[in-house]
Amino acid sequence: MSSHQVKLLDAIKGQPRSVWVVAFAAVIAFMGIGLVDPILLSIAQGLNATPSQVTLLFASYLVVQVLAMLVTGMFASRFGGKRTMVAGLALIVVFAGACALAGSIGQLVALRAFWGLGNALFIATALSMIVAAAAGGQTAAILLYEAALGLGISAGPLVGALLGSISWRGPFVGTSVLMLIALILTATMLVRDRPSTTRTSMKAPFQALRDRRLLVVALSALLYTYSFFTVLAWTPFVLEYGPFAIGGIFFGWGLMVAVCGVVVGPRLAARIGERNATMVALVLYAVVMFADVWGSRPMIVAATVVSGIASGCLNTFLTGMAMSVSDAPRPVASAGYNFLRWMGGAAAAILVGHLADWGGSARTPFVVGAATCLVAVVLMYAGREPNPRQVPADAAAVGERILD
């Protein structure tokens, strides 16, 4: 066994059962992000829907998820983390299964919205539960969470392609069954935690955004996430490939997101600082988007996979800065940051189809996506500090431990 494998195993071995239960549920939850990508064209054909209508499957999911994240902290502090996760998983089971029965695109979009509510309740609680229960400290917990995120994002398109080759309804049934297993494990194997005595105000996330440093990071994340979901929601319509081809492309993309988020990003930020590394990654994303504008189909395929490199790094950089630049408590700063961040994704899902119509070209959404990345670079540069914050030693150690 290589030293790489030994150190990776050392970081995750000996974890309690509750950590593995939450990690498994997180993998399935994150699969939902890319699950529908391979079947977007099949859904459009099966329900006689336009591309603009189909991309609303992302928009309804994200808008509700964003709004719900403002109150998940209140819910978790009142009822406890376990009950919050169980409620979220139950909603996903019900509404993912109901998506398979939808008779129109309007019904499917509405059902995806309730799925987003369940996802918000689960995702907002899963990381804190893993950190609280994990052996080996926060570094090991974050490694497990990032591994679950990467595995879920990369596996989602493959599962969607496999089940979608039978019917576009198949991936929704499969997700519902897998989440039911996660629900049963969570309900039976996690110890019930006590509700917090501290109550979180719904105004707190917006008050945290009054901090100029956090606001700059959150707005930059909004602009980047707009580009991120432009790639995710619109690329299948430009390529017009079948479910297996799209699934394979986004599987490669998801692997890049996972590896670069856990390994490459922390090492790069440790060398040049998070803010500088963020601007480099944003420029790379803009270059990739311009390649989508003028490139052939093979070039778009390559650019999509390469965009996962920038995405993995940016996910790490922006979240790291959001958790450190503000004096607000981390859960509060996270809620404000994620509210703006995922609104960018919802805006992209709503606009991409219309932009293609208004611009008279299927490539127009990529032009706008490149522009938003460049605006984010300017914003990050204008909001820089005299001495850019370096990545903390424990965060950089995650990348070091895997690569050494």
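This text follows the structure it describes.
The paragraphs below set out a description of the structure included in this document.

Basis of the calculations
- Residues numbered from 1 in each chain as written.
- Predicted model: local features only at pLDDT ≥ 70, side-chain atom pairs only at ≥ 80, totals over all residues.
- Heavy atoms only, no water.
- Helix = DSSP H or I, 4+ residues; strand = E, 2+ residues; numbered from the N terminus.
- Buried < 20%, exposed > 50% of the residue type's maximum accessible area, 1.4 Å probe, protein only.
- Contact = heavy atoms within 4.5 Å.
- Areas by Shrake-Rupley, 256 points an atom, 1.4 Å probe, with all protein chains shown as cover.
- Phe/Tyr/Trp six-rings, centres within 6.5 Å; stacked < 30°, edge-to-face > 60°.
- Lys NZ or Arg CZ within 6 Å of the ring centre and 35° of its normal.
- Core = buried A, V, L, I, M, F, W, Y, C linked by side-chain atoms within 4.5 Å.
- Salt bridge = Lys/Arg side-chain N within 4 Å of Asp/Glu carboxyl O.
- Disulfide = S-S within 2.5 Å.
- Axes fitted to C-alpha atoms, helices over the stretch in contact; angles between N-to-C directions.
- Parallel < 35°, antiparallel > 145°, perpendicular 65-115°, else oblique.
- Left-handed = near helix turned anticlockwise from the far one by under 90°.

When helices and strands are tallied, the protein chain shows 17 helices and zero strands. Within the protein chain, the fraction of its 404 residues that count as buried is 54%. Taking the intrachain contacts of the protein chain between residues at least 6 apart in sequence as the baseline, contacts between residues at least 24 apart amount to 87%. When the accessible surface of the protein chain is split by element, carbon and sulfur atoms take 68% of a total near 16000 Å².

So, on to the packing of aromatic side chains. Here the distance between the centres and the angle between the planes together describe a pair of aromatic rings. For the structure on display, the rule yields 14 aromatic pairs. A ring pair is formed by Phe206 and Phe339, whose centres lie 5.3 Å apart and whose planes are at 75°; its orientation type is edge-to-face. Placement of Phe206 in helix H10 (residues 204-208) and of Phe339 in helix H15 (residues 330-359) is noted, with a sequence separation of 133 residues between them. We classify Phe339 as buried; its relative accessible area is 15%. Through successive ring pairs, a cluster of aromatic residues spans Phe58, Tyr224, Phe228, Phe229, Phe250, Trp253, Tyr285 and Trp342. A cation sits over an aromatic face here: Arg112 above Tyr61, 4.2 Å from the ring centre.

Looking now at the nonpolar core. Core analysis: the biggest nonpolar cluster contains 123 residues, and Ile43, Val54, Leu108, Phe122, Phe172 and Tyr285 have the highest contact counts within it. Per element, the largest residue contribution to this core is 17 residues, and it comes from helix H11 (residues 212-239). With sequence-adjacent residues up to four places away left out, Ile43 is seen in contact with Asn48, Val54, Leu57, Ile105, Leu108, Trp168 and Phe172.

For the structure shown, the criterion picks out three salt bridges. The partner of Asp211 in a salt bridge is Arg213, and the shortest N-O contact between them spans 3.0 Å. Taking the relative accessible area as the measure of exposure, Arg213 reaches 32% and is therefore partly exposed. In this structure, the salt-bridge partner of Arg213 is Asp327, at a minimum N-O distance of 3.8 Å. Of the two residues, Arg213 is situated in helix H11 and Asp327 in the loop between helix H14 (297-322) and H15; the sequence distance between them amounts to 114 residues. Several salt bridges share partner residues, and in doing so they unite Asp211, Arg213 and Asp327 into one network.

Right, let's talk about unusual backbone geometry for a bit. Leaving glycine out, the prevailing phi sign among residues is negative, and the prevailing peptide bond configuration is trans. Its identity as a non-glycine residue notwithstanding, Asn48 has a phi of 50°, on the positive side. Mapped onto the secondary structure, Asn48 falls in the loop between helix H3 (40-46) and helix H4 (51-54). One non-glycine residue, Glu240, lies in the positive phi region at around 60°. Secondary-structure assignment places Glu240 in the loop between H11 and helix H12 (243-272).

So, on to the environment of Pro38. Tracing the sequence through the fold places Pro38 in the loop between helix H2 (17-34) and H3. In this structure, the C-alpha to C-alpha distance between Pro38 and Leu163, residues 125 residues apart in sequence, is 9.9 Å. If near-sequence neighbours (up to four positions away) are discounted, Pro38 is found in contact with Pro157, Gly160, Ala161, Pro243, Ile246 and Gly247.

Moving on: the state of the cysteines. Scanning all chains against the criterion turns up zero disulfides. With no disulfide of its own, Cys260 lies 5.0 Å from the sulfur of Cys313, the closest cysteine sulfur.

Here the focus is the packing of H11 against helix H13 (residues 274-294). Interhelical geometry of H11 versus H13 gives an angle of 25° and a closest axis separation of 11 Å. With respect to each other, H11 and H13 are oriented roughly parallel. Seen along the crossing, H11 lies across H13 with a hand that is left-handed. Here Val216, Tyr224, Ser227, Phe228, Thr230 and Val231 of H11 lie close against H13, whose contacting residues are Arg275, Leu282, Tyr285, Met289 and Asp292.

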